[in-house]
Amino acid sequence: MFKQIAIVTLSVLGLATAACAQKPSPAAQAQCKFSDGKTITVDYSSPRMKGRKIFGELVPFGEVWRTGANEATTFVNTASVTVGGKNVPAGNYTIFTVPKQGNWTLIVNKKTGEWGIPYKYEADELARVDMKVSQTPSAVENFTIAFDQACTLTVSWENTQASVQISEAK
């Protein structure tokens, strides 16, 4: 009887420890509003660096990344937009990136609602566009997606930022 209680207790403690160790990254949102009130909203999960080497290790170079953690990052635009020169009609999308040392690619995908990895959605891609890559002035602990006043989308983490211009389609 004691042996059974000990096994059950250890099992419960092990499961509780595993559940606590795998906390999901916090949800975050970035939004840009055009002069006519239409918007772009990006919902993503914001993992933390926690002393890890990110690009080239945790996030391998040359592979499709869900651009955040947990569920794939969503991109909802209420206006037709141009992303890095490619037309993206108003709608709900998922964005992925392919980080490389000198350049990144942003993927706008019509498939939504997936976890994000492994990436098997090439047939649903709407656009692939180049992103401008630069070093951040200081280390970025929390993965961040942001827009500036001109609706340039910027992804920042560790010591890297990648950006692409987004404008309302005419």
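Residues numbered from 1 in each chain as written. Predicted model: local features only at pLDDT ≥ 70, side-chain atom pairs only at ≥ 80, totals over all residues. Heavy atoms only, no water.

A. Focus on unusual backbone geometry. Its identity as a non-glycine residue notwithstanding, Thr67 has a phi of 60°, on the positive side. For Thr67, the location among the structural elements is in the loop between β2 (39-45) and β3 (73-77). Within the chain, Glu158 stands out as a residue other than glycine whose phi angle is a positive 60°. Inspection of the secondary structure assignment puts Glu158 in strand β9 (residues 152-168). (Helix = DSSP H or I, 4+ residues; strand = E, 2+ residues; numbered from the N terminus.)

B. Spotlight on the packing of aromatic side chains. Throughout the structure, instances matching the rule amount to eleven aromatic pairs. An angle of 85° between the planes, with centres 6.3 Å apart, marks the rings of Trp65 and Trp104 as edge-to-face. In this pair, Trp65 is assigned in the loop between β2 and β3 and Trp104 in strand β7 (residues 104-109), connecting sequence segments 39 residues apart. By relative accessible area, Trp104 is classed as buried at 1%. An aromatic cluster is built from Tyr44, Phe55, Trp65, Trp104, Phe143 and Trp157, whose rings are joined through pairwise contacts. (Phe/Tyr/Trp six-rings, centres within 6.5 Å; stacked < 30°, edge-to-face > 60°. Buried < 20%, exposed > 50% of the residue type's maximum accessible area, 1.4 Å probe, protein only.)

C. Spotlight on the sheet that holds β3. On the basis of which strands lie adjacent, the open sheet formed by nine strands has the order β1-β2-β3-β6-β7-β8-β9-β4-β5 and antiparallel pairing. With one partner strand each, in any of the chains shown, β1 (27-33) and β5 (86-88) form the two edges of the open sheet. Between one strand axis and the next, the sheet turns through 35° on average, direction left out of account. Across three bridges, the pairing between strand β4 (residues 81-83) and β5 is antiparallel. Counterpart to Val81 in the pairing with β5 is Val88. (Pairing = 2+ DSSP bridges. Axes fitted to C-alpha atoms, helices over the stretch in contact; angles between N-to-C directions.)

D. Summary view of the nonpolar core. Membership of the largest hydrophobic core comes to 33 residues, with the highest contact counts inside it found for Val42, Val83 and Leu153. Each residue touching Val83, except ones within four places of it in the same chain, is listed here: Phe75, Val88, Leu106, Val129, Val164, Gln165 and Ile166. Among the nonpolar cores identified, the runner-up in size contains six residues, and Phe96, Val98, Tyr119 and Tyr121 belong to it. (Core = buried A, V, L, I, M, F, W, Y, C linked by side-chain atoms within 4.5 Å. Contact = heavy atoms within 4.5 Å.)

E. Structural detail: the layout of surface pockets. Roughly 460 Å³ of internal volume is contained in the largest pocket. Lining the largest pocket we find 23 residues, and of these Ser25, Pro47, Arg52, Leu58 and Ala69 sit closest to its centre. When grouped by side-chain class, the residues that make up the lining of the largest pocket number twelve nonpolar, five polar and six charged. Of all the elements in the fold, those that place two or more residues in the lining of the second largest pocket are β1 and β2. When grouped by side-chain class, the residues that make up the lining of the second largest pocket number five nonpolar, seven polar and three charged. (1 Å grid on protein atoms, 1.4 Å probe; cavity = no way out; pocket = protein on both sides within 12 Å on 5 of 7 lines; lining within 4 Å. Points joined across faces, edges and corners; volume = space filled by probe spheres on them. Nonpolar A, V, L, I, M, F, W, Y, C, P; charged D, E, K, R; others polar.)

F. Structural view of the side chain of Thr97. The residue Thr97 is located in strand β6 (residues 91-99) in this model. Judged by its relative accessible area of 0%, Thr97 is buried. Separated by 2.8 Å, the side chains of Thr97 and Thr67 make a polar contact. When residues no more than four places from it in sequence are discounted, the contact partners of Thr97 are Glu63, Val64, Trp65, Thr67, Trp104, Thr105, Leu106 and Met131. (Polar contact = N/O pair within 3.5 Å; in protein donor to acceptor, adjacent residues only side chain to side chain.)

None of the figures reported here should be taken as evidence of function without further support.
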